[in-house]
Amino acid sequence: MPKTRSLTAQERTYGAPTSVLRRALMGGLVLAVLLAVAGLLAYLTRSESPTAAKPSPPAKSTARAASPEAADGKPGPVASPLRTSDPIEFAKAATKVLWTYDTRSFSRAEHVAGLKRWMTGEKKYADWASVSDQVPSPVLWSRMHDNHQHASAKVGEGHFPQAFKTALAQDPGAIIEAYVYAVTITGKQAISWNGSGAGAESRSTTLAVQCRPDQACALVGVLPSVAP
């Protein structure tokens, strides 16, 4: 296989854990957060209830994200966080930046710094490890840079996972401690590299999003598996 095609295959799986143990620990942390703040026992067992009510998100904001700018006025590596109180809309915007990168113009450090702005400032809930694992390693980023690799994303549908709705319906007041929502997003990622090389694939992810009343939403983490 050509080198470029091999790199692209690696990149499409750069979010995979460096070890089974690390993913297990990180996944346990995110799920523990959701379980603690929203009573998500149903999430762990994947149980479903046909009568589960959809959780009511906070009121949606009309504010939009602005493209970040560097000191010289040029666009930055990661879009600014969307200012909204709607967890689904925020999760869509967060997913787009997680699936978008440009190794031609920006360093990995710049990209990571841009992603950090999307995180909640509440250290008790933030799982930065699950987000940073979505970024290629420094060595892989360097190889992708040499190959002029970049990606764009189109986000489609977003929804609260059924298990999350079931758990919340069973204990509606559980979420008011931290206001963390589980949101599943689907879409497509398009990847391009040197010459005419290009590819695309459908993707999906489940994010943990914090949306406190009267505050803009923020990213808590990325779940280790997609919740339907």
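Here the structure is a predicted model, which is why all the values come from computation and not from measurement.

Reading guide: rules and limits
Residues numbered from 1 in each chain as written. Predicted model: local features only at pLDDT ≥ 70, side-chain atom pairs only at ≥ 80, totals over all residues. Heavy atoms only, no water. Pairing = 2+ DSSP bridges. Helix = DSSP H or I, 4+ residues; strand = E, 2+ residues; numbered from the N terminus. Buried < 20%, exposed > 50% of the residue type's maximum accessible area, 1.4 Å probe, protein only. Contact = heavy atoms within 4.5 Å. Core = buried A, V, L, I, M, F, W, Y, C linked by side-chain atoms within 4.5 Å. Arc of directions from axis to C-beta.

Asks: Help me understand the pairing of strand E4 (residues 198–210) in this model?
Replies: As a general feature of sheets, a regular strand has side chains that alternate between the two faces. Pairing of strand E3 (residues 180–192) with E4, which is carried by 13 bridges, proceeds in the antiparallel orientation. Each residue of the ladder has a partner; that of Ala190, found in E4, is Ala200. Remark: 5 residues form the turn of the hairpin made by E3 and E4, two consecutive strands paired antiparallel; Gly195 in that turn has positive phi of roughly 70°. Note that E4 and strand E5 (residues 218–222) share 4 bridges and pair antiparallel. Across the sheet, residue Val209 finds its bridge partner in E5, namely Leu219.

Asks: Sorry if this is basic, but what is going on with the sheet that holds E3 here?
Replies: In sheet architecture, strand pairing relies on hydrogen bonds along the backbone and comes in two forms, parallel and antiparallel. Read across the sheet, 5 strands follow the order E1-E2-E3-E4-E5 without closing on themselves; strand pairing throughout is antiparallel. The sheet is open, and its two borders are formed by strand E1 (101–102) and E5, each paired with just one other strand. Relative to E3, strand E2 (residues 150–159) runs antiparallel, the two sharing 8 bridges. Paired with Gly158 across the two strands is Ile185, which belongs to E3.

Asks: I would appreciate a short explanation of the side chain of His111 in the present structure.
Replies: In this structure, His111 sits in helix H5 (residues 108–116). His111 gets classed as buried once you look at its relative accessible area, which sits at 4%. With near-sequence residues (within four places) excluded, His111 lies in contact with Pro77, Val78, Val97, Thr100, Tyr101, Val135 and Trp141.

Asks: What's the story with the nonpolar core in this structure? I'm lost.
Replies: For soluble globular proteins, nonpolar side chains are generally found buried alongside one another. Counting residues in each nonpolar core, the largest one holds 39 residues, and the members touching the most others are Phe90, Trp118, Tyr181 and Leu207. Looking at this core, the elements that each hand over two or more residues are helix H4 (87–98), H5, helix H7 (138–146), E2, helix H8 (162–170), E3, E4 and E5. In terms of residue count, the dominant contributor to this core is H4 (7 residues). By size, the runner-up hydrophobic cluster in this structure holds 6 residues, among which are Tyr125, Val180, Val220 and Leu223.

Asks: Just to check I follow, could you spell out the pairing of E2 for this structure?
Replies: The sheet contact formed by E1 and E2 spans 2 bridges and is antiparallel. Across the sheet, the residue bridging to Asp102 is His150, located in E2.

Asks: Whenever I open this one, H7 confuses me. Can you help?
Replies: At 3.6 residues per turn, the α-helix brings residues three or four places apart onto the same side. All of the buried residues in H7 are Leu140, Trp141 and Met144. For H7, the angular spread of the buried residues around the axis is 100°, confining them to a single face. Exposed positions of H7 whose direction lies more than 90 degrees from the buried face are Pro138, Val139 and Asp146.

In short, the description is geometric, and any link to function would need to be established separately.
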